[in-house]
Amino acid sequence: MKTCCHLLLSVCLLSVSVLHAETYTARVGSVPDGDTLWVHPKDGGPGRKLRLLGIDAPEICQVAGKASQEALRAAVQGRWVQVTVTMYDNYQRGLARLELDGMDVAAQMVQTGQAWSARWHGAPTSYAAQEQAARAQGLGLFADASAQWPGDFRKQHGSCYPQRGR
């Protein structure tokens, strides 16, 4: 049993690269969807693709996807943000907390009904209180009873980004 737990922990650690938190100031460039963005560090270097840590926004091709993208774009595009990257995902995106003028950008996205709090075994995590409040007020995607968790949407419909021909 103990060996099994160690093996499971090792597999989990391989799927997400953990590092010491990296903090820097950057200007937000493009916003491909409601939880992903490109930033350009103030100190130079190449642009970096980030995913907001602790939330999941609708896929760009699903109901509320464009609205979520536009909400994030309106909030941060072209602005200076404080970035704290704590790990990288399988797609080499930095999983990051973004602050804009002291405001947690991910919390704002959930609070306004533009994203869900991330899930762990089906239960909301980091921003559960913000999601509960947005649901109670029927804000954003929570105004639509048919709004579907992005993971479930992907299982049913696949990716919004079909494989390109070779």
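Residues numbered from 1 in each chain as written. Predicted model: local features only at pLDDT ≥ 70, side-chain atom pairs only at ≥ 80, totals over all residues. Heavy atoms only, no water.

Trainee: Outline the packing of aromatic side chains, supporting the account with residue identities and numerical values.
Mentor: Evaluated as defined, the whole model comprises two aromatic pairs. Arranged with centres 6.1 Å apart and planes meeting at 85 degrees, the rings of W116 and F142 form a pair that is edge-to-face. Here W116, found in strand β8 (residues 116-117), pairs with F142, found in the loop between α4 (128-137) and α5 (150-157); they are 26 residues apart in sequence, far enough to count as distant. As far as the burial class goes, W116 and F142 line up, both buried. Ring plane angle 80 degrees and centroid distance 5.7 Å describe the contact between W116 and W149, whose orientation is recorded as edge-to-face. One end of the pair, W116, is in strand β8; the other, W149, is in the loop between α4 and α5, and 33 residues separate them in sequence. The class for W116 is buried, based on a relative accessible area of 4%. Here K42 stacks its cationic end above the ring of W80, 5.7 Å away from the centre of that ring. In this structure, R48 is placed above the aromatic ring of Y24, and the distance from its NZ or CZ to the ring centre is 4.5 Å. (Phe/Tyr/Trp six-rings, centres within 6.5 Å; stacked < 30°, edge-to-face > 60°. Helix = DSSP H or I, 4+ residues; strand = E, 2+ residues; numbered from the N terminus. Buried < 20%, exposed > 50% of the residue type's maximum accessible area, 1.4 Å probe, protein only. Lys NZ or Arg CZ within 6 Å of the ring centre and 35° of its normal.)

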